[in-house]
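So you can see what is in the structure, the chains are spelled out below.
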Amino acid sequence: MKNKKFISGFSRLNKEGKINLIAEWMDDPSFSVFIKSFWHGDEKTQKLLDEFSENTVSNFPFPFGVAPNFLINGKDYLVPMVIEESSVIAAAANSAKFWYDKGGFQAKILGTKKIGQVHFFWKGDVRKFDFAINDLKEKIHRETFHITANMRRRGGGILDIEIVDMTHSMPDYYQLKATFDTRDSMGANFINSCLEEFAFILKDFLSESDYFTGSEKDCHIIMSILSNYTPECLVSINLETEVENFRDIDNELTADQFVDKFEKAVRIAQADVHRATTHNKGIFNGIDAIALATGNDFRAIEACGHTYAARDGRYKSLTDVDISNGYFRYNLTLPLALGTVGGLTSLHPLAKVSLSMLGNPGAEELMMITASVGMANNFGALKSLVTKGIQKGHMKMHLMNILNHLGANESEKKQAFDYFKTRKVSFSGVQAFLEKIRVLPVNK
């Protein structure tokens, strides 16, 4: 391999130039042909995909799957999911099927507020803002009228503005904190545009206002940015049924034994941070898959959800359970800022197809669908954990990946699936099975 050196001007190269440079860097002449094999067949679509990101040289395909039979607030859904983990869609579909004749998923929106902050340092008497805040709000609303006009026409916009004293954490540190309603858009660009304007308005207000004197007339703006923590943009999902309806869920457990183990599993996730992390990861298996399918920001969603899980100072389960009076009640409440207009949701051709498959929901409906799928994946994982164990079902789904990794042909795959129907799947076990059948005449 050739000695590496600093690359200057990479972003200015055309796509062919970037590919050639990478091939040279890797000392791999086959790279160019290989990476181009993942280009989209339609030139217009490929150009669109190229422009979603920087320094794009190809596409990285992920499976686009569908989970049927989701009944949410009495409405049926086919749910698109983009994910590479083999068991996630199966778990979601199985849970949806199980709950379908038990009332399905009951969902409700608890709030849709989003937050942005102007972080600034200021030497002054913060109590003066008690008298000045209404004038500041009026000035902000008036001078951002051109930015907020379209959002206000859709029923959204700036909801409230406040000055937050943060001097307990750092000397002279304050925030101008604003809450927004961005309707069916995720709203990041709208919020950030507003906040950057807020910063200029705040500086002008301090310098011009009679409420402030001397050094109070100046402030040092650090940054203006939305927060991905949205604790007032909440959705709640409930599953409820009679305990007796779990009588056939496992051939070794009674209904009472199953719900007892299920409840204890949830309590463990509330008590132990190690288990809580994996418990909540199971929720985001489903949530992230829909976020990807609909062009939403799964990274912001994850960051927000995990912060919310630690809102009381200790990271714990996002779900809660109640077993009483012969009923099983399971709840998931989490913040979920999603959009159905703007950004990739409006540009990516498959994101548009995903939203169409869901009936072109608004943001609130998409929040309820997405959280329901997260709940389905969590229920499916816990059901497996407290009955047959997670690996039996997971490794059955993973069998195809192992076979592909080992280069199995179609005949060998068919024999392997038949053989492992009643046997435990492991990488070494599959490898040994293939080695055994490959010495038989039928596979020569």
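Located above this text is the structure these notes cover.
We now turn to the structure provided with this report. This is a predicted model, so every value here is computed, not measured.

1. Examining the overall build of the protein
Thinking step 1. A count of helices and strands for the protein gives 16 helices and 10 strands.
Thinking step 2. Counting only C-alpha atoms and orienting by the principal axes, one finds that the protein spans roughly 95 × 70 × 40 Å.
Thinking step 3. A buried classification covers 45% of the 444 residues belonging to the protein.
Thinking step 4. Counting only contacts in the protein whose residues sit at least 6 apart along the sequence, the fraction spanning at least 24 positions is 70%.
Thinking step 5. Of the roughly 23,100 Å² that the protein leaves accessible, carbon and sulfur atoms contribute 54%.

2. With respect to the sheet that holds strand β7 (residues 220–227)
Thinking step 1. One open sheet holds the four strands; their spatial order is β5-β6-β4-β7, and the pairing between them is antiparallel. Looking along the sheet, the strands with just one partner apiece sit at the ends: β5 (157–165) and β7. Along the sheet, successive strands turn relative to each other by an average axial angle of 15°, direction set aside.
Thinking step 2. In the sheet, strand β4 (residues 114–121) pairs with strand β6 (residues 173–181) via eight bridges, with the strands oriented antiparallel. Looking across to β6, one finds that Val118 is bridged to Leu176.
Thinking step 3. Where helix α7 (residues 188–208) meets the sheet, it contacts β4, β5, β6 and β7, and its direction lies at approximately 160° from that of β7.

3. Some remarks on the side chain of Gln175
Thinking step 1. Residue position: Gln175 is located in strand β6.
Thinking step 2. Within the local environment of Gln175, its side chain forms a polar contact with the side chain of Gln117, the two groups lying 3.1 Å apart.
Thinking step 3. Not counting chain neighbours up to four residues away, the residues in contact with Gln175 comprise Gln117, Val118, His119, Phe120, Glu162, Ile163, Val164 and Met166.

4. Some points on the pairing of strand β10 (residues 327–335)
Thinking step 1. Most of β10 sits out of view: seven of its nine residues are buried.
Thinking step 2. Once strand β9 (residues 319–324) ends, the chain turns through two residues before running back antiparallel as β10, passing Asn325 with a positive phi of about 55°.

5. Observations regarding the packing of helix α5 (residues 129–143) against α7
Thinking step 1. Where α5 contacts α7, the two axes come as close as 10 Å, and the packing angle between them is 130°. Of the possible angle classes, the one that applies to α5 and α7 is oblique. Judged by the sense of rotation from one axis to the other, the crossing of α5 with α7 is right-handed. Contacts from Phe129, Ala132, Asp135, Leu136, Lys139, Ile140 and Glu143 of α5 reach α7 at Glu197, Phe198, Ile201, Leu202, Asp204, Phe205, Leu206 and Glu208.
Thinking step 2. Within the contact of α5 with α7, the residues separate by chemical class into nine nonpolar, no polar and six charged.

6. Looking at the packing of aromatic side chains
Thinking step 1. The full count for this structure, using the stated rule, is 30 aromatic pairs.
Thinking step 2. Their ring planes at 50° and their centres at 5.0 Å tell us that Phe129 and Phe212 sit as a pair that is tilted. A residue pair is termed long-range when its members are at least 10 positions apart, and Phe129 in helix α5 and Phe212 in the loop between α7 and β7 qualify at 83 residues. Considered together, Phe129 and Phe212 belong to a single accessibility category, that of buried residues.

7. Here we look at the packing of helix α8 (residues 255–271) against helix α9 (residues 273–293)
If you want to describe how two helices pack, look at the angle between their axes and the distance between the axes.
Thinking step 1. In contact at an axis separation of 6 Å, α8 and α9 are set at 115° when each is read in the N-to-C sense. Considering the angle they form, α8 stands roughly perpendicular to α9. Remark: the crossing between α8 and α9 carries left-handed chirality. Along its contact with α8, which presents Ile268, Ala269 and Ala271, the element α9 presents Val273, Arg275, Ala276 and His279.
Thinking step 2. Partitioning the contact of α8 with α9 into residue classes produces five nonpolar, one polar and one charged.

8. Observations concerning the side chain of Ser95
Thinking step 1. Here Ser95 lies in helix α4 (residues 88–100).
Thinking step 2. Judged by its relative accessible area of 1%, Ser95 falls in the buried class.
Thinking step 3. Setting aside chain neighbours within four positions, we find Ser95 in contact with Ala376, Phe379 and Gly380.

9. Brief notes about the sheet that holds strand β8 (residues 234–242)
Two strands in a sheet stick together by hydrogen bonds in their backbones, pointing the same way (parallel) or opposite ways (antiparallel).
Thinking step 1. The four strands lie next to each other as β3-β8-β10-β9, forming an open sheet whose pairing is antiparallel. With partners counted over all chains shown, the strands left at the sheet margins are β3 (106–109) and β9, one partner each. Going across the sheet, the axis of each strand differs from the next one's by a mean of 15°, ignoring polarity.
Thinking step 2. Two strands pair when backbone bridges link them, and β8 and β10 are joined in this way by nine bridges, in the antiparallel orientation. Pairing of Glu240 across the sheet is with Arg329, part of β10.
Thinking step 3. Against the sheet, α8 contacts β9 and β10, and its axis sits at roughly 145° relative to β9.

10. Section: unusual backbone geometry
Thinking step 1. The backbone phi angle of Asn73 is positive, close to 50°, even though this residue is not glycine.
Thinking step 2. Take Asn73: it is sitting in the loop between β1 (64–72) and β2 (75–82).

About the cut-offs
Residues numbered from 1 in each chain as written. Predicted model: local features only at pLDDT ≥ 70, side-chain atom pairs only at ≥ 80, totals over all residues. Heavy atoms only, no water. Helix = DSSP H or I, 4+ residues; strand = E, 2+ residues; numbered from the N terminus. Buried < 20%, exposed > 50% of the residue type's maximum accessible area, 1.4 Å probe, protein only. Contact = heavy atoms within 4.5 Å. Areas by Shrake-Rupley, 256 points an atom, 1.4 Å probe, with all protein chains shown as cover. Pairing = 2+ DSSP bridges. Axes fitted to C-alpha atoms, helices over the stretch in contact; angles between N-to-C directions. Polar contact = N/O pair within 3.5 Å; in protein donor to acceptor, adjacent residues only side chain to side chain. Parallel < 35°, antiparallel > 145°, perpendicular 65-115°, else oblique. Left-handed = near helix turned anticlockwise from the far one by under 90°. Nonpolar A, V, L, I, M, F, W, Y, C, P; charged D, E, K, R; others polar. Phe/Tyr/Trp six-rings, centres within 6.5 Å; stacked < 30°, edge-to-face > 60°.

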